[in-house]
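This is what each chain is made of:
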Amino acid sequence: MSEGLLLERVSLRYGDGEETTVALEEVSLRVEPGEIIAVVGPSGAGKSSLLAVAGGLTVPDSGRVLVGGVDLAGRERDRARVRRERIGYVFQSNNLIPSLTAVDQVRLPLTFGRVTDPRDPRELLAAVGVEHKEDRRPHQLSGGERQRVGIARALVTRPDVLLVDEPTAALDRQRSHEVLELLARETRERRMATVVVTHDHDVLRHCDRVFEMVDGRLTAGEPVTA
Ligand SMILES: Nc1ncnc2c1ncn2[C@@H]1O[C@H](COP(=O)(O)OP(=O)(O)OP(=O)(O)O)[C@@H](O)[C@H]1O
């Protein structure tokens, strides 16, 4: 069984007729368990589309997507289950629910269905460095703390694949470094396949390989040397 994340010749177009936009053009990508990769590229290149397809949120027009060995083609019901159980999403820091405490934010994914072996939300908050703040709501946390709570929430189901969009957009350099260190450590310890979309060049040194996306195409991944 193929683990981690695998995309095989994935293409995606938006619209039809004269209004067609090619978002992804024959994109192939393999991310191994325990590997963290970065995707960079100009605005409109297709990076968010790549995350949407890898996360089973958008079905591509052609090609295959496998998450933890499971093909995302097929029924929406099955895809929803893969999304819930095998994929963690970390989007920008302010996507927490305003009325929920930190520990309830982390518990939330466990309320959507049966998760066989969840991590303990309190232990997870401690692991991401937000111990003693579990009863705070988002407005009582700093930007870096909110981002960490968002990461803890993404990790609670022990996903095979972690998809991260611009994790440092709201953070200063030191906080960015800490958040990336955390993502890289969790990726290795928990054997996840992690994809980070970023504009921030400081992020790259925490990643194993970097890919560039241009006009819907992905360049071959380069090992990060710096
Ligand atoms: N729902 C949609 N309907 C039509 N076109 C779309 C839609 N979503 C994205 N696009 C187009 O698809 C292309 C790829 O967009 P995408 O959001 O994936 O790029 P991106 O690399 O993430 O950009 P950014 O760095 O600005 O977030 C762009 O030309 C965009 O305008």
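Preceding this section is the structure that the text describes.
Because the structure is a prediction, the values reported are computed rather than measured. (Residues numbered from 1 in each chain as written. Predicted model: local features only at pLDDT ≥ 70, side-chain atom pairs only at ≥ 80, totals over all residues. Heavy atoms only, no water.)

Considerations on the site of the ligand
Link 1 in the chain: Contacts to the ligand come from Tyr14, Thr21, Ala23, Pro42, Ser43, Gly44, Ala45, Gly46, Lys47, Ser48, Ser49 and His199.
Link 2 in the chain: Contact distances for the ligand include 2.8 Å between an oxygen atom and a backbone N or O atom of Gly44.
Link 3 in the chain: Here an oxygen atom of the ligand sits 2.7 Å away from a polar atom, N or O, in the side chain of Ser48.
Link 4 in the chain: In isolation the ligand has 640 Å² of accessible area, and contact with the protein removes 56% of it.
Link 5 in the chain: For the shell around the ligand, the secondary-structure elements that each account for two or more residues are strand S2 (21–31) and helix H1 (47–54).
Link 6 in the chain: Per-element accounting of the shell around the ligand gives the leading share, three residues, to H1.
Link 7 in the chain: Across the shell around the ligand, the residue classes break down as four nonpolar, seven polar and one charged. (Near = heavy atom within 4 Å. Polar contact = N/O pair within 3.5 Å; in protein donor to acceptor, adjacent residues only side chain to side chain. Areas by Shrake-Rupley, 256 points an atom, 1.4 Å probe, with all protein chains shown as cover. Helix = DSSP H or I, 4+ residues; strand = E, 2+ residues; numbered from the N terminus. Nonpolar A, V, L, I, M, F, W, Y, C, P; charged D, E, K, R; others polar.)

What to know about the sheet that holds strand S4 (residues 62–67)
In a beta sheet, neighbouring strands are held together by backbone hydrogen bonds and run either parallel or antiparallel to one another.
Link 1 in the chain: On the basis of which strands lie adjacent, the open sheet formed by four strands has the order S2-S1-S4-S5 and antiparallel pairing. Only two strands of the sheet have a single neighbouring strand rather than two, namely S2 and strand S5 (70–71).
Link 2 in the chain: As paired strands, strand S1 (residues 5–14) and S4 are joined by five bridges and run antiparallel to one another. Bridge pairing in S4 links Glu8 to Arg64.
Link 3 in the chain: Packed on one face of the sheet, H1 meets S1, S2 and S4 and runs near 120° to S1. (Pairing = 2+ DSSP bridges. Contact = heavy atoms within 4.5 Å. Axes fitted to C-alpha atoms, helices over the stretch in contact; angles between N-to-C directions.)

So, the pattern of salt bridges
Link 1 in the chain: Counted under the stated rule, the structure contains 21 salt bridges.
Link 2 in the chain: Residue Glu35 is joined to Arg209 by a salt bridge in which the shortest nitrogen-to-oxygen separation is 2.7 Å. Within this pair, whereas Glu35 is found in strand S3 (residues 35–40), its partner Arg209 is found in strand S9 (residues 209–214), the two being separated by 174 residues in sequence.
Link 3 in the chain: By relative accessible area, Arg209 is classed as partly exposed at 22%.
Link 4 in the chain: Of the charged contacts, one joins Asp208 and Arg188 as a salt bridge, the two residues approaching to 2.9 Å between their closest N and O atoms. Residue Asp208 is located in the loop between helix H7 (201–204) and S9, and its partner Arg188 is located in helix H6 (residues 173–189); the two are separated by 20 residues in the primary sequence.
Link 5 in the chain: According to the relative accessible area criterion, Asp208 is partly exposed, its value standing at 28%.
Link 6 in the chain: Using a relative accessible area of 39% as the deciding quantity, one classes Arg188 as partly exposed.
Link 7 in the chain: In the salt-bridge network here, residues are joined through shared partners; they are Arg119, Arg185, Glu186 and Arg190. (Salt bridge = Lys/Arg side-chain N within 4 Å of Asp/Glu carboxyl O. Buried < 20%, exposed > 50% of the residue type's maximum accessible area, 1.4 Å probe, protein only.)

Let's talk about the nonpolar core
Across soluble globular proteins, nonpolar side chains show a tendency to be buried alongside one another.
Link 1 in the chain: Ranked by internal contacts, the top residues of the largest apolar core, which has 33 residues, are Val106, Leu125, Val149, Ile151, Leu162 and Leu183.
Link 2 in the chain: Excluding its chain neighbours within four sequence positions, the residues that come into contact with Leu162 are Gly88, Val90, Ala154, Leu155, Leu183, Met192, Ala193, Thr194 and Val195.
Link 3 in the chain: By size, the runner-up hydrophobic cluster in this structure holds 29 residues, among which are Val27, Leu50, Val53 and Val195. (Core = buried A, V, L, I, M, F, W, Y, C linked by side-chain atoms within 4.5 Å.)

Observations regarding the packing of helix H5 (residues 143–155) against H6
Link 1 in the chain: Two numbers describe how H5 lies on H6: the axes approach to 10 Å, and their chain directions differ by 10°. It follows that H5 is roughly parallel to H6 by the angle criterion. In this structure, H5 meets H6 at a crossing whose hand is right-handed. Contact residues: H5 offers Gly144, Gln147, Arg148, Ile151 and Leu155, while H6 offers Arg175, Glu178, Val179, Leu182, Leu183 and Glu186.
Link 2 in the chain: Broken down by class, the residue content of the contact of H5 with H6 amounts to five nonpolar, two polar and four charged. (Parallel < 35°, antiparallel > 145°, perpendicular 65-115°, else oblique. Left-handed = near helix turned anticlockwise from the far one by under 90°.)

What to know about the layout of surface pockets
Link 1 in the chain: Roughly 310 Å³ of volume is contained in the largest pocket.
Link 2 in the chain: Contributing to the lining of the largest pocket are 13 residues, with Ile87, Tyr89, Pro109, Phe112 and Arg153 lying nearest its centre.
Link 3 in the chain: Going through the elements one at a time, helix H2 (76–86), strand S6 (87–90) and H5 are the ones with two or more residues in the lining of the largest pocket.
Link 4 in the chain: Among the elements that make up the lining of the largest pocket, the one with the highest residue count is S6 (three residues).
Link 5 in the chain: Residue composition of the lining of the largest pocket, grouped by class: seven nonpolar, three polar and three charged.
Link 6 in the chain: Quantified by volume, the second largest pocket comes out at close to 230 Å³.
Link 7 in the chain: As for the second largest pocket, its lining consists of Arg81, Glu85, Arg86, Arg114, Val115, Thr116, Asp117, Thr157, Arg158 and Asp160. (1 Å grid on protein atoms, 1.4 Å probe; cavity = no way out; pocket = protein on both sides within 12 Å on 5 of 7 lines; lining within 4 Å. Points joined across faces, edges and corners; volume = space filled by probe spheres on them.)

Everything listed here is a matter of coordinates, which is why it stays silent on function.
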